[in-house]
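Secondary and tertiary structure notes
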Amino acid sequence: MASPKKKLQGLVAATITPMTEHGEINFSVIGRYVDYLVEEQGVKNVFVNGTTGEGLSLSISERCQVAEEWVTKGRNKLDQIVIHVGALSLKESQELAQHAAEIGADGIAVIAPFFLKPWNKDVLINFLKEVAAAAPALPFYYYHIPALTGVKIRAEELLDGIQDKIPSFQGLKFSDTDLLDFGQCVDQNRQRQFAFLFGVDEQLLSALVMGATGAVGSFVFRDLSTLWSN
Ligand SMILES: CC(=O)N[C@@H]([C@@H](O)[C@H](O)[C@H](O)CO)[C@@H](O)CC(=O)C(=O)O
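Everything in this summary refers to the structure shown in the same document.

Cut-offs used in this document
- Residues numbered from 1 in each chain as written.
- Predicted model: local features only at pLDDT ≥ 70, side-chain atom pairs only at ≥ 80, totals over all residues.
- Heavy atoms only, no water.
- Phe/Tyr/Trp six-rings, centres within 6.5 Å; stacked < 30°, edge-to-face > 60°.
- Helix = DSSP H or I, 4+ residues; strand = E, 2+ residues; numbered from the N terminus.
- Buried < 20%, exposed > 50% of the residue type's maximum accessible area, 1.4 Å probe, protein only.
- Lys NZ or Arg CZ within 6 Å of the ring centre and 35° of its normal.
- Expected span 1.5 Å × (residues − 1).
- Pairing = 2+ DSSP bridges.
- Right-handed = clockwise from strand over helix to strand, strands pointing away.

**Some thoughts on the packing of aromatic side chains**
Enumeration over the complete set of coordinates arrives at eight aromatic pairs. Between Phe 169 and Phe 194, the aromatic rings sit 4.9 Å apart at their centres with planes inclined by 85 degrees, giving edge-to-face as the arrangement. A residue pair is termed long-range when its members are at least 10 positions apart, and Phe 169 in strand E6 (residues 169-174) and Phe 194 in the loop between helix H8 (179-187) and strand E7 (195-198) qualify at 25 residues. The pair Phe 169 / Phe 194 is uniform in exposure class, with both members buried. Among the aromatic residues, those joined into a ring-pair cluster are Phe 169, Phe 174, Phe 182, Phe 194, Phe 196 and Phe 198. Over the ring of Phe 47 we find Lys 173; its NZ or CZ atom is 5.2 Å from the centre of that ring.

**Looking at helix H1 (residues 28-41)**
The terminal C-alpha atoms of H1 lie 20 Å apart, and with 14 residues this matches the ideal 20 Å at 1.5 Å per residue to within 8%. Among the residues making up H1, those that are buried are Ile 30, Gly 31, Tyr 33, Val 34, Leu 37 and Gln 41. Phi turns positive one or two residues past the end of H1, at Gly 42, with a value near 65 degrees.

**Quick word on the pairing of strand E8 (residues 214-217)**
Judged by which residues are buried, E8 turns out to be covered on both faces: Gly 214 and Val 216 on one side and Ala 215 and Gly 217 on the other are all buried. In the sheet, strand E1 (residues 10-14) pairs with E8 via four bridges, with the strands oriented parallel. Bridge assignment links Val 12 to a residue of E8, and that residue is Val 216. Regarding topology, helix H9 (residues 204-210) serves as the crossover connection from E7 to the parallel E8, and that connection is right-handed.

**Comments concerning the pairing of strand E5 (residues 140-144)**
Taking burial as the measure, the five residues of E5 include five buried ones, the bulk of the element. Bridge count between strand E4 (residues 107-110) and E5: three bridges; the pairing is parallel. If you follow Val 110 over to E5, its bridge partner there is Tyr 142. Considered for its hand, the β-α-β crossover made up of E4, helix H4 (residues 121-133) and E5 is right-handed. Judged from the five bridges that link them, E5 and E6 form a sheet pairing that is parallel. By the bridge assignment, Tyr 143 is partnered in E6 with Lys 173.

Below, the structure written as structure tokens:
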């Protein structure tokens, strides 16, 4: 079973993908971006190619190159680099997951397929399971973002028994305003060491009260990082 060097917690920066004015990825920025996060914001975990990084608008090759650059530039500076590998095509998602493992990323995250959507929990779990199996040694996080995927399967339902199907499952990135669902996820999994990462910055304080172990966000950095500093 995959087990992260240490549990993913605290602030996780959802990184943007820097572009040039000609629409090419500006790789030269990523090294400085790492230093900015670590030195100026005190943030040592990143979530790459997610919503903020516009991963789904990049080509597979671009996603791989961005992931590689973060892993290379983040080595010995960042604690954990999680790569979002969700895609509509299962094969592409598996390819990205394998690539993340090969380059030495610390974890992968996957959203639900959002065009032809999974119509129930089992269909969604089967998709996630196939992706996770492509990188079985990497901690796996489900990225729940129903407002963008249109997949409304409650996270609490999805988590029920998930490690039986996905042994590398390590946590949830919850980007939804349904705090009842979030609270039930936390409550019903108290015996497990899952990471509960909240993804709606505006509700983070409420989510912390309910048991969030961290946050993946694009706006909150320095001011809130002290919350996890003790
Ligand atoms: C949809 C979206 O971009 N959500 C942001 C939030 O930080 C969001 O910008 C913030 O709550 C403001 O609405 C993060 O959760 C994004 C994120 O984790 C990601 O880039 O994958």
